[in-house]
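# Architecture at a glance
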Amino acid sequence: MRLIAIVLFVTLVMTAGTAMAQIATDIKTAADMPTATDIRKAVQEAYEKFKDVKEGATADYIPELAKVPSELFGVAIVTAKGAVYTAGDVDYAFTIQSVSKPFTAALVMQQQGAQAIVDKIGVEPTGLKFNAILATQIIPQVSVNPLVNSGAIASVSMVRAKNAEERFNKILSFFNDLSGAKLSVIEDVYKSEAATNQRNRAHGYILAASDRIYSEPMEAVDVYTKQCSIGVTAQQLAVMGATLANGGVNPLTGKRVIDNQYVPKVLAIMMMAGFYNESGKWAFTAGLPAKTGVGGGIVAVVPGKMAIVGFSPRVNDAGNSVRAMKAIEYMSEKFSLNLFGSGK
Ligand code: DON
């Protein structure tokens, strides 16, 4: 009897041990990072594969953007551990444009907590274009989310500062910490947008009319315009993304820039609204939180692993860079990075 009990006990322990080992292997597989060689190869492959794609056109509603050479194309990956892989035009400084928006939202969270964004701006996707006035009329949260223009202007207005200059400098300094670089405004693009941004000024006044802007409206629009004109290279943008992938610590400088607790909040907004009226399609294909800009940059974040950046000035009707999307989708597929997948 005692012998049977011992045999049963040993069998039980061994079975449990095997099951635990299987779970551990499964977890390990799901969390596996591709090797350095594989990433290096894939970045080059993505560049070669999509460099001749001609779809889309350089944005011209900001006149100076139309002058950016449309052939430029770069792909960069920076891992959460700080390894850098690049191909193509990754050292060309382009305007960050709307890719700036989630980072300013992160700054606001740093200053006032994540709930302030929910209460004072909103976090719902609009399903409409990035600059749709209509969204501010039909959705109860008047400024809707920090990634469309109205919400981004509100977000800028929430950055605590005593005047416009200090507000912009706080944003720039935060972006410097995120990128580990000394960034600056591309003045020609700033002046060009400032002279033609009537639609954003309309957003400012609509927000003011419904008490959803938190500094003088035209001042907020101007700081927002300047923020959008900050120049970044694809490689610098990938470091900004890698800071999110690394739980808020810049993996190159080791500096904590964003509290760990705010990173999932920023990524959630990027997942739901990073591609505006194409956010659903993007979730369906790449399955990664990401943000686009009409300057041609897109940053995608794979939490805990890496940031993937594509830069190419030709954008589609939604304002999203065609080659950058393709390069990131390629990487997501190749390394099974889709957040909704099992990682295999
Ligand atoms: O406010 C604007 O229209 C531009 N500064 C930014 C728009 C933008 O990048 C849209 N995203 N793809």
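Residues numbered from 1 in each chain as written. Predicted model: local features only at pLDDT ≥ 70, side-chain atom pairs only at ≥ 80, totals over all residues. Heavy atoms only, no water.

## Some words on the overall build of the protein
- From N to C terminus, the protein includes 14 helices and 10 strands.
- Computed over C-alpha atoms, the radius of gyration of the protein comes to 22 Å, within 12% of the 20 Å expected from 2.2 N^0.38 for 344 residues, which places it in the range of a compact globule.
- Overall, the protein is about 90 × 45 × 35 Å in size when its C-alpha atoms are taken along their principal axes.
- Counting over 344 residues, the protein shows a buried share of 54%.
- A sequence separation of at least 24 residues applies to 68% of the contacts in the protein between residues at least 6 apart.
- Here the protein has roughly 14,600 Å² of accessible surface; of this, 57% comes from carbon and sulfur atoms.
- If you average the places of the 33 positive and of the 29 negative side-chain charges in the protein, the two averages end up 5 Å apart. (Helix = DSSP H or I, 4+ residues; strand = E, 2+ residues; numbered from the N terminus. Rg over C-alpha atoms; globule rule 2.2 N^0.38 Å. Buried < 20%, exposed > 50% of the residue type's maximum accessible area, 1.4 Å probe, protein only. Contact = heavy atoms within 4.5 Å. Areas by Shrake-Rupley, 256 points an atom, 1.4 Å probe, with all protein chains shown as cover. Lys, Arg positive; Asp, Glu negative; His and termini not counted. Charge placed at Lys NZ, Arg CZ, Asp CG, Glu CD.)

## Points about the side chain of N149
- You can see N149 is positioned in helix α6 (residues 149-158).
- On the basis of relative accessible area, N149 is assigned to the buried category, the value being 3%.
- One polar contact links N149 to N200, side chain to side chain, over a distance of 3.0 Å.
- Discounting residues that sit within four places of it in the chain, N149 has contacts with S98, K101, F130, N131, N200, H203 and Y224. (Polar contact = N/O pair within 3.5 Å; in protein donor to acceptor, adjacent residues only side chain to side chain.)

## Describing the pattern of salt bridges
- Evaluation of the coordinates by the stated rule reveals 13 salt bridges.
- In this structure, D52 engages K51 in a salt bridge whose closest nitrogen and oxygen atoms are separated by 3.8 Å.
- D52 gets classed as exposed once you look at its relative accessible area, which sits at 53%.
- What makes K51 partly exposed here is its relative accessible area of 27%.
- Notably, a salt bridge pairs K170 with E166, separated by 3.8 Å at the nearest N-O pair. (Salt bridge = Lys/Arg side-chain N within 4 Å of Asp/Glu carboxyl O.)

## A closer look at α6
- Counting buried residues along α6, 10 of its 10 residues qualify, which places the element largely inside the surrounding structure.
- At its buried positions, α6 is contacted by α3 (101-112), α4 (114-120), α5 (133-138), α7 (164-179), α9 (198-209) and α10 (217-228).

## Digging into the packing of aromatic side chains
- On inspection of all chains with the given rule, the structure shows 8 aromatic pairs.
- Put simply, the rings of Y61, F130 and Y276 pair up and form one aromatic cluster.
- Between the NZ or CZ atom of K120 and the centre of the ring of Y214, over which it lies, the distance is 4.9 Å.
- Across from the ring centre of F168, 5.5 Å away, lies the NZ or CZ of K226, which sits over that ring. (Phe/Tyr/Trp six-rings, centres within 6.5 Å; stacked < 30°, edge-to-face > 60°. Lys NZ or Arg CZ within 6 Å of the ring centre and 35° of its normal.)

## Description of the nonpolar core
- Counting residues in each nonpolar core, the largest one holds 80 residues, and the members touching the most others are F175, L237, L244 and I258.
- Of all the elements, helix α11 (residues 234-245) adds the most residues to this core, at 8 residues.
- Setting aside anything within four residues of it in sequence, one finds L244 in contact with F103, I258, V263, V266, L267, M270 and V301.
- Counting residues in hydrophobic clusters, the runner-up holds 31 residues, among them V53, W282, A300 and A327. (Core = buried A, V, L, I, M, F, W, Y, C linked by side-chain atoms within 4.5 Å.)

## Considerations on the sheet that holds strand β8 (residues 297-302)
- In spatial order, the strands read β3-β2-β9-β8-β7; together these 5 strands make up an open sheet with antiparallel pairing. Sheet topology places β3 (84-88) and β7 (290-292) at the edges, where each strand pairs with a single neighbour. Direction aside, the axes of adjacent strands within the sheet are offset by 10° on average.
- Summarising the sheet, β8 and strand β9 (residues 306-311) pair through 6 bridges and their orientation is antiparallel. Residue pairing for β9: I298 is matched across the bridge by G310.
- Packing against the sheet, α11 makes contact with β2 (74-79), β3, β8 and β9, and its axis sits at approximately 150° to β9. (Pairing = 2+ DSSP bridges. Axes fitted to C-alpha atoms, helices over the stretch in contact; angles between N-to-C directions.)

## As for the packing of α6 against α10
- Taken N-terminus to C-terminus, the directions of α6 and α10 make an angle of 105°; their axes are 9 Å apart at the nearest point. On the basis of their axis angle, the class for α6 and α10 is roughly perpendicular. Across the interface between the two elements, N149, A152, I153, V156 and S157 from α6 touch A220, V221, V223, Y224 and Q227 from α10. (Parallel < 35°, antiparallel > 145°, perpendicular 65-115°, else oblique.)

## Considering the environment of M109
- Mapping M109 onto the fold places it in helix α3.
- In this structure the C-alpha to C-alpha distance between M109 and M158, which are 49 residues apart in sequence, comes to 9.8 Å.
- With near-sequence residues (within four places) excluded, M109 lies in contact with A114, I117, Y262, K265, V266 and I269.

Note that all results are geometric; they support no functional claim without further evidence.
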